[in-house]
Amino acid sequence: MSRILNHRIRSSFKKQSWSCVDKRAVAFSIWTGRSVLLHKPLDSYQIPRRKYGMLIARAVRGVLKIRYLLLGGAVGGGMTLNKKYAEWKDGLPDMGWLNDLLPDNDQWDKFTTTLIDAKDKIGDNFQIGAPLTLSIHADPRLREAGLARAAELREWLAQRYEDAVAAAAVNNATSNIEPAPKIVNNLQSRPAPMSAKSNAEETAAYERRVHALQEEVLALQARYQRELQRLEQENRELRQQNMLLRQGRQPSAKKMKRSLIDMYSAVLDELAGWEAGEAGRLPRVVVVGDQSAGKTSVLEMLAQARIFPRGAGEMCTRAPVKVTLSEGPYHVAQFNDSSREFDLNKESDLADLRKEVELRMRNSVRGGRTVSTQQIAMSVKGPGIPRMVLVDLPGVISTQTVDMAADTREAIKQMTKQYMDNPNAIILCIQDGSVDAERSNVTDLVSSCDPQGKRTIFVLTKVDLAEENLANPNRIRRILEGKLFPMKALGYYAVVTGRSRKDDSIQSIREYEERFFRSSKLFKDGMVAAGQVTTRNLALGVAECFWRMVRDSVEQQADAFKAMRFNLETEWKNTFPRQRELDRDELFERARGELLDQAAELSGAAPGAWEARLRGALWAAAAERVLAGIYLPAAAAAHADVDKFNTTVDIKLREWAENELAQQSIQAGRQALREEFAELMAKAADSDPIYEPVKRAAVEEALRRHSWEERAQDVLRVLQVNALQDRCVGSRAEWDSAVDLMETALTERLKATEAELKTLVGPGLRERWLYWQHTSEEQARRGQVKAELEQLGSERPALAYDEVVAVRDNLRRRGVDVDNEYIRETWKPLYLKQFLQRALSRARDCRKSFYLYTQQNGTGKECCEVVMFWRVQSALRTTSNALRQQIANREAGRLDRELREVLDEMSSDPELKKNLLSGRRVELAEELKRVRQVQEKLEEFIEALNKEK
């Protein structure tokens with residue numbers, strides 16, 4: 001293609017250049033009257049007049065324009081075609097992996113050369129009719145075979161050689177490489193001389209084989225071409241889905257057509273763990289039997305795979321296992337809550353499946369129990385597998401071992417009875433044929449649940465062992481005729497499910513079963529019908545009974561669920577009108593959304609409101625430490641000595657700032673966050689009260705996990721130490737604010753002290769006369785001590801020993817006998833009350849002393865208590881500002897992330913959601929949702945079942 005385009009371009013350029021020369025020559029000739037090209041006079045060429053020459057020039061120019069257009073179109077078309085080819089080539093999938101699989105040309109040459117050499121060597125030694133040489137002497141068996149064996153071997157080698165050479169030639173032909181000369185020469189000169197007829201027949205056979213190989217190669221190429229087209233189609237679909245995802249839209253999912261048994265199994269999954277009365281009694285095959293009777297082996301024969309672990313003498317089935325059997329193109333198994341498929345044709349996948357079943361059974365057993373009612377659901381698909389739903393239950397035991405729970409035997413019986421009480425359940429009763437019938441525990445249980453035997457199928461296992469061990473073979477016949485066990489059944493079957501070897505495959509067990517029944521005297525003599533033996537007949541019989549039961553009962557079950565749905569909807573409309581039917585998951589998601597919206601408002605709160613809330617929380621955390629740990633001890637130690645008071649205050653404030661204040665500030669910040677959350681939730685007036693337990697629990701857990709940054713705590717400590725070192729009150733407003741803080745703190749403490757004194761001495765005269773209150777004996781004695789102490793005066797913080805002795809002697813003369821410690825305990829609140837009253841008086845006086853303070857430049861000793869409270873207030877103000885900035889910049893975001901993590905954990909905990917979201921409203925919505933789901937699935941199943949009919 002490119003060579004053709006280049007040739008056309010060169011030819012067009014040549015023509016263009018000559019046409020340009022011709023135009024200039026004609027114009028010059030017309031002007032001068034001479035020919036420039038041929039150097040002859042113009043008249044000799046009989047050129048027309050000038051106007052005709054101009055017309056000719058215009059015509060030539062138009063033709064040249066058409067050429068240019070054609071040339072440009074060809075070049076542009078070629079470039080466009082090349083670009084399209086490149087885009088198509090880039091879109092093809094990478095088939096380079098074929099080069100790694102197929103040998104290259106050198107390897108083909110070496111391979112064919114080796115074959116030719118081997119043929120030449122072997123052909124020389126194995127000529128028809130020639131005596132045998134080295135090979136015959138090397139192997140004595142070939143010497144006995146003779147010339148016939150040698151001729152047969154030679155023909156076989158020759159045919160293999162020709163096939164290999166033909167394959168190599170075809171491979172070279174498909175790779176656009178000519179065959180090597182060495183191969184061609186060897187093909188043309190085959191060493192064995194033959195007649196013309198045989199040579200012609202061999203040539204014809206050779207051509208037929210080459211033709212067949214060529215057709216095979218063409219078919220392979222066609223298959224590769226179809227695969228390429230399929231990959232291109234998938235690539236286009238993937239690109240389209242990618243574009244939709246980038247645009248924020250979800251691609252439409254194709255609705256998969258499910259089989260009938262899968263749809264029915266989905267209905268049973270909806271009913272798992274939920275008792276809905278008679279409406280929930282849908283048919284299923286319940287496999288029951290004594291322990292080690294062969295229940296699991298029968299189920300594996302029906303599933304055609306060893307899917308369950310072996311107990312090796314101990315109980316293995318510890319929980320109900322629901323197995324949905326269905327037909328499919330591949331033999332695979334899958335758990336209902338998992339996306340992994342186990343290939344049952346691979347031993348590694350089978351081992352993984354058995355481990356997973358064992359792990360799930362052990363995890364389902366909790367609280368020291370041996371068995372569990374939690375159902376394990378799985379599906380098995382494969383060619384020729386009957387469609388049914390089976391439930392394998394733990395085997396009924398007669399004796400408990402010491403490592404079992406005390407209620408194991410009764411728990412197994414109750415579980416088995418619960419499944420068999422379903423009036424539509426098919427009971428597959430498994431009985432071990434190798435043990436005495438009198439040792440059976442399950443037959444009485446089955447007969448009590450189904451006395452008429454209308455839904456029971458009896459299966460006798462291990463018949464091969466029974467026939468070997470029993471002296472009376474008629475006993476087996478009586479069992480299969482229903483004359484030995486006190487129970488009735490729809491049908492009786494005899495099966496052989498193995499030879500007690502773990503490594504036996506299902507196919508080998510089936511072959512052994514068929515051989516046994518063909519050779520068994522009991523079954524060979526016609527004592528038992530042929531339809532009563534082998535697991536194949538058992539599978540057909542159980543499947544037929546299962547689907548008959550399903551067709552007879554599914555319409556009735558659908559009507560029952562429809563009536564139940566109507567009753568629940570009526571109750572909802574009457575009890576909760578104008579409210580949506582939200583289940584726990586939907587309610588939790590709504591609570592999550594509201595809580596996250598409220599958490600987002602933390603950063604949007606006004607700075608003034610945040611600082612006011614933080615200052616309140618800070619003072620609430622520090623008030624006790626400031627009064628009881630700094631102010632009162634400093635005042636008691638100084639006792640009117642201002643310098644000593646200031647020194648003590650400085651020491652205690654620094655100790656407080658370096659050791660406790662930063663941590664107290666962090667606690668105050670956490671308390672402010674909690675209060676802000678509570679206020680935000682209280683503001684949401686339109687919030688549903690049912691969400692509150694979830695929101696409250698999530699906030700508490702998030703705040704509990706939330707930890708302030710250590711670096712932020714260090715920053716706070718530095719700021720607080722610097723703020724407490726400043727003693728200069730800068731304005732009258734700050735002075736008044738410090739006085740207010742002092743009065744507030746002293747007033748609160750005074751009220752608490754008076755309340756403590758009132759508790760000690762009892763009600764006063766007014767309360768006793770007006771409210772008929774009385775004092776106890778202890779309160780009367782404490783009151784007399786208080787009256788005696790008031791006479792001493794309360795200016796000093798502690799009493800001297802002489803004063804204590806004098807008070808005790810005075811009280812003893814009045815008939816009140818108390819010890820020294822009792823007197824000191826009464827003195828402490830009395831002194832504190834008097835001290836606080838005097839401090840409040842000083843605070844009121846100091847409110848007017850700011851001018852005097854400024855005149856002394858802060859060096860005066862008056863009102864030093866106000867300065868101390870101002871220092872504390874300044875430190876708390878600085879701390880609140882820093883905390884607000886930390887919350888806005890860092891802590892609010894970290895708390896939001898922790899809140900999201902807590903909500904995610906809560907969403908995956910069904911028990912926690914059940915505890916937080918409770919009440920009839922939630923329970924009714926949950927039940928109504930499940931009934932609707934079951935009804936919809938049942939209607940879908942009935943519609944598909946009617947179509948199949």
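Here is a short report on the structure shown in this document. (Residues numbered from 1 in each chain as written. Predicted model: local features only at pLDDT ≥ 70, side-chain atom pairs only at ≥ 80, totals over all residues. Heavy atoms only, no water.)

## Some words on the packing of aromatic side chains
Here comes step 1: Per the stated rule, a full pass over the model turns up 16 aromatic pairs.
Here comes step 2: Note on Phe335 and Phe342: the rings are 6.1 Å apart at their centroids and 85° apart in plane angle, and the pair reads as edge-to-face. Across the pair, Phe342 and Phe335 agree in class, each one buried.
Here comes step 3: Judged by centre distance (5.4 Å) and plane angle (75°), the ring pair of Phe546 and Trp547 falls under edge-to-face.
Here comes step 4: Look at Trp547 and you get buried, because its relative accessible area is 6%.
Here comes step 5: Among the aromatic residues, those joined into a cluster by ring pairs are Tyr631, Phe645, Trp827, Tyr831, Phe835 and Phe869.
Here comes step 6: Taking the ring centre of Tyr822 as reference, the NZ or CZ of Arg782 above it sits at 3.9 Å.
Here comes step 7: In this arrangement the basic side chain of Lys913 is found over the ring face of Phe588, its NZ or CZ atom lying 5.6 Å from the centre. (Phe/Tyr/Trp six-rings, centres within 6.5 Å; stacked < 30°, edge-to-face > 60°. Buried < 20%, exposed > 50% of the residue type's maximum accessible area, 1.4 Å probe, protein only. Lys NZ or Arg CZ within 6 Å of the ring centre and 35° of its normal.)

## Section: the nonpolar core
Here comes step 1: Counting 102 residues, the largest nonpolar core has Trp619, Tyr631, Phe645, Trp656, Trp735, Phe869 and Leu899 as the members making the most contacts within it.
Here comes step 2: Top element by residues in this core is helix H31 (residues 864-907). It accounts for 18 residues.
Here comes step 3: If we ignore the near neighbours within four places in the chain, the residues touching Phe645 are Tyr631, Ala634, Ala635, Ala638, Cys864, Glu865 and Met868.
Here comes step 4: Ranked by size, the runner-up nonpolar core spans 69 residues in total, among them Val285, Phe342, Val357 and Val389. (Core = buried A, V, L, I, M, F, W, Y, C linked by side-chain atoms within 4.5 Å. Helix = DSSP H or I, 4+ residues; strand = E, 2+ residues; numbered from the N terminus. Contact = heavy atoms within 4.5 Å.)

## Overview of the pairing of strand E2 (residues 321-327)
Here comes step 1: Burial runs high along E2: 6 of the 7 residues are buried.
Here comes step 2: Note that E2 and strand E5 (residues 376-382) share 7 bridges and pair parallel. Counted as the bridge partner of Ser326 is Lys381 from E5.
Here comes step 3: Here E2 pairs with strand E6 (residues 388-392) via 5 bridges, running antiparallel. What sits directly across from Val323, in E6, is Leu390. (Pairing = 2+ DSSP bridges.)

## Examining the pairing of E5
Here comes step 1: Across the 7 residues of E5, 6 count as buried, placing the element largely inside the fold.
Here comes step 2: Note: strand E3 (residues 332-335) against E5, 4 bridges, orientation antiparallel. Across the sheet, Val332 pairs through a bridge with Lys381, a residue of E5.

## A short note on helix H28 (residues 801-813)
Given 3.6 residues per turn, any residue in an α-helix points the same way as the ones three and four places further on.
Here comes step 1: The first and last C-alpha atoms of H28 sit 19 Å apart over 13 residues, in line with the 18 Å expected at 1.5 Å per residue.
Here comes step 2: Of the positions making up H28, those classed as buried are Val804, Val805, Val807, Arg808 and Leu811. Take H28 and look down its axis: the buried residues cluster within an arc of 165°, on one side only. Facing away from the buried side of H28 by over 90 degrees, the exposed positions are Asp802 and Arg813.
Here comes step 3: In this structure, the buried residues of H28 make contact with helix H27 (777-790) and helix H29 (820-846).
Here comes step 4: Of the residues trailing H28, Gly815 is marked for its positive phi of about 95°. (Expected span 1.5 Å × (residues − 1). Arc of directions from axis to C-beta.)

## Looking at unusual backbone geometry
Here comes step 1: In this structure, Thr534 takes a positive phi of about 75° despite not being glycine.
Here comes step 2: Mapped onto the elements of the fold, Thr534 is located in the loop between helix H18 (521-524) and helix H19 (535-575).
Here comes step 3: For Thr534, a relative accessible area of 15% corresponds to the buried category.
Here comes step 4: Phi is positive for Arg578, which is not a glycine, with a value near 55°.
Here comes step 5: Mapped onto the elements of the fold, Arg578 is located in the loop between H19 and helix H20 (584-600).
Here comes step 6: The class for Arg578 is exposed, based on a relative accessible area of 83%.

## Looking at helix H17 (residues 506-519)
Here comes step 1: Between its first and last C-alpha, H17 extends 20 Å over 14 residues, near the 20 Å set by a 1.5 Å rise per residue.
Here comes step 2: Looking only at H17, the buried set comprises Ile506, Ser508, Ile509, Arg510, Tyr512, Glu513, Phe516 and Phe517.

## Some details on a negative patch on the surface
Here comes step 1: Together, Asp817, Asp819, Glu821 and Glu825 make up a negatively charged patch on the protein surface.
Here comes step 2: Relative to the helices and strands, Glu821 resides in helix H29.
Here comes step 3: Residue Glu821 is classed as partly exposed on the basis of its relative accessible area, which comes to 44%. (Patch = residues over 30% accessible without salt bridge, like charges linked within 9 Å, V, L, I, M, F, W, Y side chains within 5 Å. Areas by Shrake-Rupley, 256 points an atom, 1.4 Å probe, with all protein chains shown as cover. Salt bridge = Lys/Arg side-chain N within 4 Å of Asp/Glu carboxyl O. Lys, Arg positive; Asp, Glu negative; His and termini not counted. Charge placed at Lys NZ, Arg CZ, Asp CG, Glu CD.)

## A look at the sheet that holds strand E7 (residues 426-432)
Within a sheet, adjacent strands bond to each other through the backbone by hydrogen bonds, running parallel or antiparallel.
Here comes step 1: An order of E4-E3-E5-E2-E6-E1-E7-E8-E9 is seen for the 9 strands of this open sheet, with the pairing classed as mixed. Single-partner strands in this sheet number two, and they are strand E4 (342-343) and strand E9 (491-494).
Here comes step 2: Across the sheet, helix H10 (residues 260-271) touches E2, E5 and E6, and the angle it forms with E2 is around 165°. (Axes fitted to C-alpha atoms, helices over the stretch in contact; angles between N-to-C directions.)

## Some thoughts on the side chain of Arg584
Here comes step 1: For Arg584, the position within the fold is in helix H20.
Here comes step 2: No salt bridge forms around the buried Arg584; measuring N to O, its nearest opposite-charge neighbour Glu926 is 4.2 Å away.
Here comes step 3: One polar contact links the side chain of Arg584 to the main-chain carbonyl oxygen of Leu917, over a distance of 2.9 Å.
Here comes step 4: Sequence-distant contacts of Arg584, defined by excluding residues within four places in its chain, comprise Lys913, Lys914, Leu917, Ser918, Val922, Glu923 and Glu926. (Polar contact = N/O pair within 3.5 Å; in protein donor to acceptor, adjacent residues only side chain to side chain.)

## Re the packing of H27 against H28
Here comes step 1: At their nearest, the axes of H27 and H28 sit 10 Å apart, and the two run at 130° to each other. As judged from the angle between their axes, H27 and H28 are oblique. The handedness of the crossing between H27 and H28 comes out as right-handed. Of H28, the residues touching H27 (which contributes Gln784, Val785, Glu788 and Leu789) are Val807, Asn810 and Leu811. (Parallel < 35°, antiparallel > 145°, perpendicular 65-115°, else oblique. Left-handed = near helix turned anticlockwise from the far one by under 90°.)

## Here's the deal with the pattern of salt bridges
Here comes step 1: All chains considered together, the criterion is met by 49 salt bridges.
Here comes step 2: Linking Arg613 and Glu675 is a salt bridge whose minimum nitrogen-to-oxygen distance equals 3.6 Å. Placement of the pair is Arg613 in helix H21 (residues 607-638) and Glu675 in helix H22 (residues 642-683), with a sequence separation of 62 residues.
Here comes step 3: Take Glu675: its relative accessible area is 32%, and that puts it in the partly exposed class.
Here comes step 4: Here Asp714 and Arg717 are joined by a salt bridge, their closest N and O atoms 3.1 Å apart. With Asp714 and Arg717 both in helix H24 (residues 710-725) and 3 residues apart, the pair spans about one turn of that helix.
Here comes step 5: Of the residues examined, Asp714 reaches a relative accessible area of 42% and is grouped as partly exposed.

## So, the side chain of Thr416
Here comes step 1: When you line up the elements, Thr416 lands in helix H13 (residues 408-420).
Here comes step 2: When sequence neighbours within four positions are dropped, the list of residues in contact with Thr416 reads Val288, Leu393, Pro394, Val396 and Leu445.

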